[in-house]
Amino acid sequence: MALIEVRDLVCRYGSRTILRDVSFDIAAGEVVTILGGSGCGKSTLLKHMIGLISPASGGICIGGDEFIGSDANTRQCILRRIGVMYQSGALFGSMSVLDNVRLPLETFTRLDAAAIELIARLKLRLVGLEDFAALFPAELSGGMQKRAAIARAMALDPQILFLDEPSAGLDPVTSAGLDALIRRLAESQGMTFVVVTHELASIHAIADRAIMLDRSVQGIIASGTPDELARHANPIVSGFFLRKPED
Amino acid sequence: MNDHASTPVTTLHQDGEGWQLRGPLQLTTIETLWPQLRAQLKSGDILDLAGLTHCDGAGTALLFDLSRRGITLQGLGEENARQLAALQPDKALPVMHTARKAGPISQLGHQVALLIGQWRNQVSFIGGLLLALKNSAPQARTLRSSEIWRLCNDCGTNALPIMALISLLLGVILAFQSALPMRQFGAEVFVANLLGLSLIRELSPLMMAIVLAGRTGAAYTAELGTMKVNEEINALLTFGIDPLRFLVLPRLIACTLMAPLLTIFAELIGLTGGALVMKGFGIPFGTFMGQISGAVDLGDFASGMLKAGVYGLEIAGIGCLFGLSAGNGASAVGNATTRAVVYMLVTLVVTDGIFAFIYYLMGW
Ligand SMILES: Nc1ncnc2c1ncn2[C@@H]1O[C@H](COP(=O)(O)OP(=O)(O)O)[C@@H](O)[C@H]1O
Ligand SMILES: [Mg+2]
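Residues numbered from 1 in each chain as written. Chains lettered and ligands numbered in written order. Predicted model: local features only at pLDDT ≥ 70, side-chain atom pairs only at ≥ 80, totals over all residues. Heavy atoms only, no water.

**Here we look at the sheet that holds strand β9 (residues 209–214) of chain A**
All names here are of chain A. To be explicit about the condition: What makes two strands pair is DSSP finding at least two bridges between them. Secondary structure elements are defined from DSSP: runs of H or I of at least 4 residues count as helices, runs of E of at least 2 residues count as strands, and each element is numbered from the N terminus. Each axis is a line fitted through C-alpha atoms, and for a helix only the stretch in contact is used; angles between axes span 0 to 180 degrees, taken between their N-to-C directions. Contacts are residue-level and defined by heavy atoms, with any inter-residue pair within 4.5 Å sufficient.
One open sheet accounts for six strands, arranged β6-β7-β8-β3-β9-β10; its pairing is mixed. Across the chains shown, the open sheet's two edge strands, defined by having one partner strand only, are β6 (82–85) and β10 (219–224). Shown here is a sheet whose adjacent strand axes are inclined to one another by a mean of 15°, direction ignored. Sheet topology places β9 next to β10; five bridges connect them, and they run antiparallel. Bridging from a neighbouring strand, L213 pairs with I220 of β10. Along the sheet, helix α9 (residues 235–242) contacts β3 (31–35), β9 and β10; its crossing angle with β9, the most-contacted strand, is approximately 115°.

Here it is, written out as structure tokens:
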């Protein structure tokens, strides 16, 4: 059974339809990238999948539980299975980086302070920020904020991680390190990843499957492995992989 | 959904020399296990992990902790070993530098330096404003009149309802509370004098200023502070646009223009409230008006207007100054706004005192 099922999703802001009739499944342990031109609705789709916005119609199932219109209990259960990194990082500005990672652990586990601190600092080590734990988000660069946000998203070892443009603003080395981390977590822990990204190198490195959105169809224009999409018959799709400007 | 129920327990066994851990090692199972392991295992002990099944990030952190304590981990599966290796268990975590608590003397020095810095900041702000004013005087066109119009609307017109509410209440309360004792002497009619003088000279400008500070001054700090956080101020600077001229001057102009007008409005509503109460005490509207025009002259009115204008200038100036000097991050904006409002209120009181002193000296 699919871990995430999206069925006939229609997303609107006011009267403006951004996505219509979007359906796809994601299996446990899969790394799926969502791609598409800027403004085609990738972040919007992600926000629907994590329950921040209710769709105009359609359904989203996570781990067999219907997300849309679920009661508070089910919702809490689903939320515990997912971790999210927002496009802008969304770290809490009044807390240090370490406290940002510590917060969910303190809220949802009964571990003692030393254990929580160790877990949090090791998460920061994984994203290469162990030396910056005591700093505040405002004192970090944009890329560092992103990495800290990823560490926070992983704090509770969720089954599914949603990452919105994790590698935008990162240098190639850090970006590659992040790709390796994603693959390792997917393979060794069976973590599922839904990653919004434009980075071609990243897509090839991590994606089991890519789902491409496009504004022209207000939905999914193609999906498949990165190699399949690169050889796709539709010029919009293959053009994305060849970095051809739209004419 | 039943994560807890379906989770098999993780168990610790001792056989002879070594220890054995069986089951999954994950966030839900290590809560009790972690303290147990810490208490029972000593450095040099051998822990056999061949029976370990799933191991998540928190579980790996536990293994990291154990190996850091000098416990030998044996028989770790390939996947789990790879995860542990990614955490680099041989490398110690860096020491965290927590800020040392400063002594009283260094705290005092710090505060004084802070205060001096603030003064310098304020002086250079005023200087910069004057410069901006001088530069834009010959080319008033560049002063974005539509923006000033919008700001006037925001701080003036939109404040009318709350201003009306507060002024009416003030007029009614003042009239009622003073009419009661005055009636004992048959002097109700002089309530009009009291009301006219106190509202027009003092209370209306002050009330207007307090509303303006809470409604508009605080908003300026928050808005400019957020612009600073989002590097919008830097964007202006790199275009060679002076933020003082582009952002602050229009706000100063709007507030300085609107404050006297709001005050006139507040006075009218306040007096109306008073007149209504006095009508209840048997004093007709005409008599009330006559008393007021006898007690209040143009000088009183002008001094109230002057005060109001200065209050408006101060509020907009302080609001913008604190916004522009906000630190980074959302909490910095909140801090700046709090400090700005307090500063505005204190400044209002001080200014009022200075005005009272000057008026007294001049015999106005
Ligand atoms: N909060 C919002 N209100 C109205 N429209 C929005 C909002 N957020 C995004 N949009 C619109 O939805 C479209 C998709 O936005 P988004 O999902 O952020 O794109 P991207 O694929 O770049 O992440 C854009 O055209 C944008 O204008
Ligand atoms: Mg986006």
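**Some thoughts on the packing of aromatic side chains**
Residues and elements named next belong to chain A. For the record, the criterion: The criterion for an aromatic pair is that two Phe, Tyr or Trp rings (for Trp, the six-membered ring) have centres within 6.5 Å, with stacked assigned to planes under 30 degrees apart, edge-to-face to planes over 60 apart and tilted to the rest. Each residue is assigned to one of three classes by its accessible area relative to the maximum for its type, calculated with a 1.4 Å probe on protein chains only: buried under 20%, partly exposed between the two thresholds, exposed over 50%. Charges are assigned to positions over rings by a cutoff of 6 Å between ring centre and Lys NZ or Arg CZ, combined with an angular limit of 35 degrees from the ring normal.
For the coordinates displayed, the defined rule picks out four aromatic pairs over all chains. Seen in terms of ring centroids, F240 and F241 are 5.8 Å apart; in terms of plane orientation they differ by 65°. Their pairing is edge-to-face. Of the two residues, F240 and F241, neither departs from the other in class, the shared state being buried. For R152, the ring lying beneath its charged end belongs to F92, and the centroid distance is 4.5 Å.

**Points about the nonpolar core**
Threshold: Buried residues of nine kinds, namely Ala, Val, Leu, Ile, Met, Phe, Trp, Tyr and Cys, make up a nonpolar core once their side-chain atoms join them within 4.5 Å.
Core analysis: the largest hydrophobic core is formed by 64 residues, its most contacted members being A:L124, A:F193, B:L25, B:W34 and B:L47. Top element by residues in this core is helix α4 (residues 113–126) of chain A. It accounts for seven residues. If near-sequence neighbours (up to four positions away) are discounted, B:L47 is found in contact with B:L12, B:W19, B:Q20, B:L21, B:L41, B:L66, B:I71, B:T72, B:L73 and B:Q74. Membership of the second largest hydrophobic core comes to 43 residues, among which are B:V211, B:L252, B:A316 and B:C320.

**Concerning α9(A)**
Residues that lie three or four places apart on an α-helix share one face, since the helix turns once every 3.6 residues. Residue and element names in this part refer to chain A. Where we set the bar: For the purposes of these results, a polar contact is taken to be a pair of N or O atoms within 3.5 Å, where, inside protein, one atom must be able to donate a hydrogen and its partner to accept one; residues adjacent in sequence count only when each atom of the pair is a side-chain atom.
Listing the buried residues of α9 in full gives V237, S238, G239, F240 and F241. Two or three places before I236, at the start of α9, stands the capping residue N234, its side-chain oxygen 3.0 Å from that residue's backbone nitrogen. Looking one or two residues beyond α9, the residue adopting positive phi is R243, at roughly 55°.

**A word on the pattern of salt bridges**
Residues and elements named next belong to chain B. Short version of the rule: One side-chain nitrogen of Lys or Arg within 4 Å of one carboxyl oxygen of Asp or Glu is enough to make a salt bridge.
Counting across every chain of the model gives 25 salt bridges over all chains. One salt bridge in this structure joins E147 and R150, with 3.2 Å as the shortest N-O distance. Remark: R150 and E147 occur in helix α6 (residues 145–155); sequence separation between them is three residues, near one turn of the helix. For E147, a relative accessible area of 13% gives the class buried. For E202, the salt bridge goes to K307, with nearest N and O atoms at 2.9 Å. Taken together, the residues E202 in helix α8 (residues 191–229) and K307 in helix α12 (residues 298–324) connect sequence positions 105 residues apart.

**Comments concerning the coordination of the magnesium ion (ligand 2)**
Residues and elements named next belong to chain A. Threshold: Sites may look incomplete because water is not among the atoms; the donors themselves are N, O and S atoms within 2.8 Å of the metal, or within 3.2 Å for Na, K and Ca.
Donor atoms from the polypeptide that coordinate the magnesium ion (ligand 2) comprise S43 (OG) and Q87 (OE1), at 2.0 to 2.5 Å from the metal. Highlighted residues: S43 in helix α1 (residues 42–49) and Q87 in the loop between β6 and α3 (97–108), separated in sequence by 44 residues. Taking the relative accessible area as the measure of exposure, Q87 reaches 36% and is therefore partly exposed.

**Here we look at the site of ligand 1**
All names here are of chain A. For clarity, the threshold we go by: Here a residue is near a molecule or strand as soon as one of its heavy atoms is found within 4 Å of it. Note on areas: Shrake-Rupley, 1.4 Å probe, and residue coverage restricted to the protein chains presented here.
Taken together, Y13, R16, I18, S38, G39, C40, G41, K42, S43 and T44 make up the full set of residues near ligand 1. R16 places a side-chain nitrogen or oxygen 2.7 Å from an oxygen atom of ligand 1. Measuring from an oxygen atom of ligand 1, one finds a backbone N or O atom of G39 at 2.7 Å. Out of a free accessible area of 560 Å², ligand 1 has 61% covered by protein chains. When contributions to the shell around ligand 1 are tallied by element, the ones reaching two or more residues are β2 (16–26) and α1.

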